[in-house]
Amino acid sequence: MALNRKLLGRQPIGIAFVTPYAVFLAGIFAYPIGIAVYMSFHDWFFAAPGAKVDRPFVGLDNYVAVFTDPAILRSFLNIAIFLVINVPLTVVLSLGLASALNAAIPLRTFFRVSFYVPYVTASVAVVGVWLFLFNSNGLVNSVLGPLAPDPTWLVNSTLAMPVVAVFVTWKQLGFFILLYLAALQNVPNELYESAAVDGASRWRSFWTVTVPGVRPATTLVVLLATITGANLFTEPYLLTGGGGPDGASASPVLVMYQRGIEQGQAGLAAAIGIVLVIGTLLISLVNRRLLERD
Amino acid sequence: MRRKVHPLRLLALLAGALVFLFPFYYMLIGSLQTEPDTTPAGALPNPGNLTARNYGDINSRLDLGTTLVNSGIFTGGVLLGTVVFGVLAGYAMARLHFRGKALLFNLMLLVQVIPFQLLTIPLYVLIVRTYGLADSYLGMILPFAINSAAVFIFRQYFLQLPRELFEAAQIDGASELTILFRVALPLVKPALLTAVLLTFIGPWNEFLWPFLITKRADMQPLAVALANYMSNVAARAANPYGALLAGACVLAAPVIVLFVVFQRRFVASNLGSSVKG
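All values reported here derive from a predicted model rather than from experimental measurement.

## Examining the overall build of chain A
Here comes step 1: Counting its regular elements, chain A contains 14 helices and 0 strands.
Here comes step 2: Structurally, chain A occupies a C-alpha span of about 80 × 75 × 30 Å along its principal axes.
Here comes step 3: For chain A, contacts bridging at least 24 residues in sequence account for 70% of all contacts bridging at least 6.

## Looking at the overall build of chain B
Here comes step 1: Within chain B, the secondary structure is distributed over 14 helices and 0 strands.
Here comes step 2: Counting from the amino terminus, chain B carries its helices and strands in the arrangement α-α-α-α-α-α-α-α-α-α-α-α-α-α.
Here comes step 3: When the backbone C-alpha atoms are referred to their principal axes, chain B occupies close to 75 × 65 × 30 Å.
Here comes step 4: Here chain B holds 277 residues, and the buried ones make up 46% of them.
Here comes step 5: Counting contacts in chain B only where the partners sit at least 6 residues apart, residues at least 24 apart contribute 77% of the total.

## Side note on the confidence of the model for chain A
Here comes step 1: Across chain A, the average pLDDT comes to 88, with 98% of residues at or above 70.
Here comes step 2: Ranking the elements of chain A by mean pLDDT puts helix 1 (residues 2–8) of chain A last with 71 and helix 3 (residues 61–68) of chain A first with 94.

## Let's talk about the interface of chain A and chain B
Here comes step 1: With 79 residues of chain A at the interface, the matching set in chain B holds 84 residues.
Here comes step 2: Looking at which element gives the most residues to the side of chain A that touches chain B, the answer is helix 2 (residues 13–40) of chain A, with 17 residues.
Here comes step 3: Partitioning the side of chain A that touches chain B into residue classes produces 60 nonpolar, 18 polar and 1 charged.

## Notes on the packing of helix 2 of chain A against helix 5 (residues 120–130) of chain B
Here comes step 1: Put simply, helix 2 of chain A and helix 5 of chain B touch, their axes get as near as 8 Å, and they point 105° apart. Judged by the inter-axis angle, helix 2 of chain A sits roughly perpendicular to helix 5 of chain B. Of the residues in helix 5 of chain B, those in contact with A:Pro32, A:Ile35, A:Ala36 and A:Met39 of helix 2 of chain A are B:Ile121, B:Pro122, B:Leu123, B:Val125 and B:Leu126.

## Regarding the environment of A:Ser251
Residues and elements named next belong to chain A.
Here comes step 1: The residue Ser251 is located in the loop between helix 12 (234–239) and helix 13 (252–262) in this model.
Here comes step 2: In this structure, the C-alpha to C-alpha distance between Ser251 and Glu235, residues 16 residues apart in sequence, is 9.2 Å.
Here comes step 3: Other than its neighbours up to four places away in sequence, Ser251 contacts Ser75, Asn78, Ile79, Leu232, Phe233, Pro236 and Gly243.

## Notes on the packing of helix 2 of chain A against helix 3 (residues 64–95) of chain B
Here comes step 1: The contact between helix 2 of chain A and helix 3 of chain B brings their axes to 8 Å, and the two run at 135°. The orientation of helix 2 of chain A relative to helix 3 of chain B falls into the category oblique. Helix 3 of chain B is crossed by helix 2 of chain A, and the crossing has left-handed handedness. Between helix 2 of chain A, through A:Gly14, A:Phe17, A:Val18, A:Pro20 and A:Tyr21, and helix 3 of chain B, the contact on the second element is made entirely by B:Phe85, B:Gly86, B:Leu88, B:Ala89, B:Tyr91, B:Ala92 and B:Met93.
Here comes step 2: Residues belonging to the contact of helix 2 of chain A with helix 3 of chain B are distributed by class as follows: 10 nonpolar, 2 polar and no charged.

## Re the environment of A:Tyr257
Residues and elements named next belong to chain A.
Here comes step 1: Note that Tyr257 resides in helix 13.
Here comes step 2: For Tyr257, a count of 25 C-beta atoms within 10 Å corresponds to the buried category.
Here comes step 3: Considered as a pair, Tyr257 and Val127 are 130 residues apart in the sequence and their alpha carbons are 19 Å apart.
Here comes step 4: Once you skip the residues sitting within four places of it in the chain, Tyr257 turns out to touch Phe233 and Glu262.

Cut-offs and rules
Residues numbered from 1 in each chain as written. Chains lettered and ligands numbered in written order. Predicted model: local features only at pLDDT ≥ 70, side-chain atom pairs only at ≥ 80, totals over all residues. Helix = DSSP H or I, 4+ residues; strand = E, 2+ residues; numbered from the N terminus. Contact = placed C-beta atoms within 7 Å. Buried ≥ 20, exposed ≤ 12 C-beta atoms within 10 Å, placed from the backbone. pLDDT = per-residue confidence, 0-100. Nonpolar A, V, L, I, M, F, W, Y, C, P; charged D, E, K, R; others polar. Axes fitted to C-alpha atoms, helices over the stretch in contact; angles between N-to-C directions. Parallel < 35°, antiparallel > 145°, perpendicular 65-115°, else oblique. Left-handed = near helix turned anticlockwise from the far one by under 90°.

Written out as structure tokens, the structure reads:
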């Protein structure tokens, strides 16, 4: 009995409770990472089921390709474009709207709900209406008239990625508003009071009390935006017709799909995945450091 | 002590609400137009240009009934897995002491940082090639079967329950399973609902995974069928946008209704805790 306790812990029944979840994590997360690492070091391609094929070890070839293939590099650059547009927009708009919402105001519930409706709705559904809004004869261009860009938004190589970034910002903003609302509850009221005693204006107390007070939420925005960027698929696939024009809005996951599933270079696609996993891990590590410093 | 609301504050909120809601309103109007009218005037309902035909159109192309059932089974399976196994795991991680608890907890946090999409290729190899689960509900559900964010929410709620409650039940000789179902679970019903809502939007809205593993049209969830329609067929239909937007409305409606009805359960605090780690 005593030995059991030492080996299994005080309440071994807990192990039984978590077993399904642990098996799930191992099977759907740990094991696939292992497979991905294996695939990424081999010339792995899809063959007919049951066929015995030779998939030779190729060392770092796939990784070299990830960092030299122009289309893959372009998809990494696209994440950078995405972040440059998405992060500042998200921080400014969601902090602004959350602060505006953080008071006894009329219609508060209506505002809160309307802000997160895009977040909970399927990308596929809202992409449909954005296509309707932003196609060459869409409402946006008919309002802009002669100011409409040419070529139009989604087929314009300069504008396609920014439109995707704005779309995602719009879609996710409700989530970040809720996040900032929670962060605002944690800013102690005394700080506002003492700022008021010091004669600070509303604007000044926003900058000196609110902004530093919600910094953990702001660092989280950067982390989550990076994850979203690394993750994009539906938007470039549907909104810009497969990452077009000419890969100008392709995301890494889209390139992974094209190379791995459509063209059968699964080893290369797995290597893209591993590079991205390492990238997101590094960023979340940096994020955690920044949070701990506070 | 109610301070007067600054008009600028209200103005900003109204502008925000307009930007968030207009596309949804436009989705509905667009789905009801006989001819797509993209002039600014077309954004207002025009009795001469209204029809329900687009809904019939999209139904004849996608079979809304079948695709909705597929979405429902996919989502239901994920919810079932999350509620049953997620509650067990969340409870154990909050209340029980056993070997491997810290490791599992860290793994749970890690999974939430690494997007599932990055493992698409090995999962595809595993589930479609090794297990032959293409075009099956099980294959669709497996990668999502237990939502880690929900497990985290369950854990947080179980942690907040007073310790004395559990000690009393233990002294009475109740087994852990009895304590979980008779004592703890009834007290965390709100968390259950929040987690179910959060979990619901994942599979219902998911596109990439079911898109990859379903080739048969009669196995596709609505999101996948609609996306395929969008990228292949739409260009050739008479009023492509009308039918497309009608499908979009059908896909969006259940989630929007759920989140409006249960809006109280979807608040900042439980959301924040699920991602802050």
